[in-house]
Amino acid sequence: MAADRNDGAAEMIERWNRVFGSLTAEPRRQMVVALMEAPPDRELSLPEAANPPYLLRDPEELYTDLVHSHLPALAEDGFVEWEREPLRVRRGPAFEEVAAVFEALHAHADEIPSQLTESCQRLEERKRGCET
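Analysis parameters
Residues numbered from 1 in each chain as written. Predicted model: local features only at pLDDT ≥ 70, side-chain atom pairs only at ≥ 80, totals over all residues. Heavy atoms only, no water. Axes fitted to C-alpha atoms, helices over the stretch in contact; angles between N-to-C directions. Helix = DSSP H or I, 4+ residues; strand = E, 2+ residues; numbered from the N terminus. Parallel < 35°, antiparallel > 145°, perpendicular 65-115°, else oblique. Contact = heavy atoms within 4.5 Å. Nonpolar A, V, L, I, M, F, W, Y, C, P; charged D, E, K, R; others polar. Salt bridge = Lys/Arg side-chain N within 4 Å of Asp/Glu carboxyl O. Buried < 20%, exposed > 50% of the residue type's maximum accessible area, 1.4 Å probe, protein only. Core = buried A, V, L, I, M, F, W, Y, C linked by side-chain atoms within 4.5 Å. Patch = residues over 30% accessible without salt bridge, like charges linked within 9 Å, V, L, I, M, F, W, Y side chains within 5 Å. Areas by Shrake-Rupley, 256 points an atom, 1.4 Å probe, with all protein chains shown as cover. Pairing = 2+ DSSP bridges.

*Asks:* Quick question: what am I supposed to make of the packing of helix H2 (residues 26-37) against helix H4 (residues 95-107) here?
*Replies:* Packed helices, taken two at a time, are described by the angle their axes make and the gap between the axes. Running from N to C, H2 and H4 cross one another at 95°; their axes reach a closest spacing of 10 Å. Taken together, the axes of H2 and H4 are roughly perpendicular relative to one another. Across the interface between the two elements, Arg29, Val32, Val33, Leu35 and Met36 of H2 pack against Phe95, Val98, Ala99, Phe102 and Glu103 of H4. Broken down by class, the residue content of the contact of H2 with H4 amounts to eight nonpolar, no polar and two charged.

Here's what the structure looks like:
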């Protein structure tokens, strides 16, 4: 019985490690939030959906980073599914795991230190909404 509990705890810890590891780069976070804001069955065009408006990157450079790094990292654990031609992304079967992180952040935006919300349009808007 204790072994089953330990196995379950180890699996849960590994899932959290994968969720947070998958969200270590801004283009990945941007894609997840864009997918959250889109209808569940919608595919989004890339690199546009991964290019934050407050820090626009060169589209060709971002395209290369998406194909070789960011999309494989998110797809490995089923958070997203993607196609190369044309480059598009959609929610994967485990999307709710990464979406839960942003839902919690958005729900508690007023409690997040300002150095983590400044220049992030979505969190700043939610933080202002909590103040009124």
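What follows picks up the thread again.
*Asks:* Help me understand the pattern of salt bridges, please; the structure alone is not making it clear to me.
*Replies:* When the charged atoms of two side chains lie near each other, side chains of opposite charge can form a pair. Counting across every chain of the model gives 10 salt bridges. Measuring nitrogen to oxygen at the nearest pair gives 2.4 Å for the salt bridge that ties Arg57 to Asp65. The partly exposed category is assigned to Arg57, whose relative accessible area is 24%. On the basis of relative accessibility, which here comes to 27%, the residue Asp65 falls in the partly exposed class. Each of Glu43, Glu81, Glu83, Arg88 and Arg90 takes part in a single network of salt bridges with overlapping partners.

*Asks:* Teacher, can you tell me more about the nonpolar core here?
*Replies:* As a rule of thumb, soluble globular proteins bury nonpolar side chains together. Met31, Leu46, Leu66, Leu71 and Val89 are the most contacted members of the largest nonpolar core, which has 27 residues in total. Secondary structure elements with two or more residues in this core: H2, helix H3 (59-76) and H4. When near neighbours in sequence (up to four residues on either side) are disregarded, Val89 contacts Met31, Leu35, Arg42, Glu43, Leu44, Leu46, Leu71, Val80, Glu81 and Trp82.

*Asks:* When you look at a nonpolar patch on the surface in this model, what are you seeing that I'm missing?
*Replies:* On the surface, a nonpolar cluster with roughly 420 Å² of combined accessible area is contributed by Met12, Ile13, Trp16 and Phe20. Considering the arrangement of structural elements, one finds Phe20 in helix H1 (residues 2-22).

*Asks:* Where do I start with the pairing of strand E2 (residues 80-83) in this structure?
*Replies:* Side chains on a regular strand alternate between the two faces of the sheet. In this sheet, strand E3 (residues 88-91) lies alongside E2 in antiparallel orientation, the contact comprising four bridges. Within E3, the position partnered with Val80 by the bridge is Arg91.

*Asks:* Where do I start with the sheet that holds strand E1 (residues 44-45) in this structure?
*Replies:* Reading across the sheet, the three strands line up as E1-E3-E2 and stay open at both edges, with antiparallel pairing between neighbours. Strands at the two margins of the open sheet, each flanked by one partner only, are E1 and E2. Bridge count between E1 and E3: two bridges; the pairing is antiparallel. Bridge pairing in E3 places Ser45 opposite Arg88. Contacts from H3 reach E2 and E3 within the one sheet, and its direction differs from that of E2 by about 140°.

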